[in-house]
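What the coordinates show
Each chain is listed here by its residues.
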Amino acid sequence: AGPLPMAGFAQAKAHSTRNDEPERASRPFDVDRDGFVIGEGAAVVVLERAGFAAARAARAHAALAGAGVTSDAHHITAAHQDGQVRAMRRALTDAGLSPRDIALVQAHATSTQLGDLTEARSVAEALGTHPVVTATKSMTGHLFGAAGALGAIATILALRDGAVPPTRNLDTQDPDIPLDIVTGEPRRGPLTAGLANAFGFGGHNASLVFTPAP
């Protein structure tokens, strides 16, 4: 990121100030989280109809089952629980699934105090507290424009491999966050479906539901 966006987010107090331990600065859902860490990277998800993929003998890693998008325009930076809940529920409806079908949530979770708490409450309201949750921005930082695609890829690979990556730097889970967040070692086992969240400043909310490849 260039100096202008860095300065803007710093002025908004959205950045972590844990400069003495940058490798531990991104700590989603931790009681001591204090802001996000800008990451650098790119991610691409190739969507193709199943018939076309089969015709060229391409390997399908997962299936995109549903999508939900909302724009709540609630605040320039603060997230709104209702908009996030509606995005997740729309994705479930589009996929023809129920909340109990979702085994994994790839959280947007950027490591901000308000953002992580709002998302956690939104997940609990829309899906319940049974899914396992991971927040991979603890390892990659926040890639902004690439964050949604990268989160989708993490969800796809978790479904494909039956392994949910852990959330790093979660030393003490915020007691106000009642979710089953994966820490330490990957959580292994078959997964029925996964939901990936991508939320943005200004109330842009997108949720995608993936299922294992047929």
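Structure: above.
In this text the structure is predicted, and so the values were computed from the model without any measurement.

Cut-offs and rules
- Residues numbered from 1 in each chain as written.
- Predicted model: local features only at pLDDT ≥ 70, side-chain atom pairs only at ≥ 80, totals over all residues.
- Heavy atoms only, no water.
- Helix = DSSP H or I, 4+ residues; strand = E, 2+ residues; numbered from the N terminus.
- Rg over C-alpha atoms; globule rule 2.2 N^0.38 Å.
- Contact = heavy atoms within 4.5 Å.
- Areas by Shrake-Rupley, 256 points an atom, 1.4 Å probe, with all protein chains shown as cover.
- Lys, Arg positive; Asp, Glu negative; His and termini not counted.
- Charge placed at Lys NZ, Arg CZ, Asp CG, Glu CD.
- Pairing = 2+ DSSP bridges.
- Phe/Tyr/Trp six-rings, centres within 6.5 Å; stacked < 30°, edge-to-face > 60°.
- Buried < 20%, exposed > 50% of the residue type's maximum accessible area, 1.4 Å probe, protein only.
- 1 Å grid on protein atoms, 1.4 Å probe; cavity = no way out; pocket = protein on both sides within 12 Å on 5 of 7 lines; lining within 4 Å.
- Points joined across faces, edges and corners; volume = space filled by probe spheres on them.

A count of helices and strands for the chain gives six helices and eight strands. Taken from the N to the C terminus, the helices and strands of the chain come in the order α-α-β-α-β-α-β-α-α-β-β-β-β-β. Over its C-alpha atoms the chain spans a radius of gyration of 17 Å, differing by no more than 12% from the 17 Å that the globule rule assigns to 214 residues. Counting contacts in the chain only where the partners sit at least 6 residues apart, residues at least 24 apart contribute 76% of the total. Summed over its atoms, the accessible surface of the chain is roughly 10,400 Å², and 56% of this surface lies on carbon and sulfur atoms. Both charge centroids of the chain, one from 18 positive and one from 21 negative side chains, sit 5 Å from each other.

Across nine bridges, the pairing between strand 1 (residues 62–71) and strand 8 (residues 204–212) is antiparallel. For Gly66, the partnering residue across the bridge sits in strand 8 and is Val209. Here strand 7 (residues 194–200) hands over to strand 8 after three residues, with Gly202 in that stretch at a positive phi of 90 degrees.

In this section: the packing of aromatic side chains. All chains considered together, the criterion is met by four aromatic pairs. Measuring from ring centre to ring centre gives 5.3 Å for Phe9 and Phe36, while their planes differ by 75 degrees; the resulting arrangement is edge-to-face. With a gap of 27 residues between them, Phe9 in helix 1 (residues 3–11) and Phe36 in the loop between helix 1 and helix 2 (50–55) connect regions that are remote in the sequence. With respect to class, Phe9 is no different from Phe36; both count as buried. With a centroid separation of 5.7 Å and an interplanar angle of 90 degrees, the aromatic rings of Phe36 and Phe144 are classed as edge-to-face. In this pair, Phe36 sits in the loop between helix 1 and helix 2 while Phe144 sits in the loop between helix 5 (137–140) and helix 6 (147–161), placing the two residues 108 residues apart along the sequence.

Before going further, it helps to examine empty space enclosed by the protein. Counted according to the given criterion, the structure contains one cavity of 30 Å³ or more. Approximately 50 Å³ is the volume attributed to the largest cavity. Forming the boundary of the largest cavity are Gln106, Thr136, Lys137, Thr140, Gly141, Leu143, Ala147, Leu150 and Gly151. Of the residues forming the lining of the largest cavity, the biggest block, three residues, is contributed by helix 6.

Each regular strand shows side chains that alternate between the opposite faces of the sheet. Counting buried residues along strand 7, five of its seven residues qualify, which places the element largely inside the surrounding structure. Where strand 2 (residues 104–106) meets strand 7, three bridges bridge the pair, whose relative direction is parallel. Bridging from a neighbouring strand, Leu104 pairs with Gly194 of strand 7. Judged from the seven bridges that link them, strand 7 and strand 8 form a sheet pairing that is antiparallel. Across the sheet, the residue bridging to Leu195 is Val209, located in strand 8.

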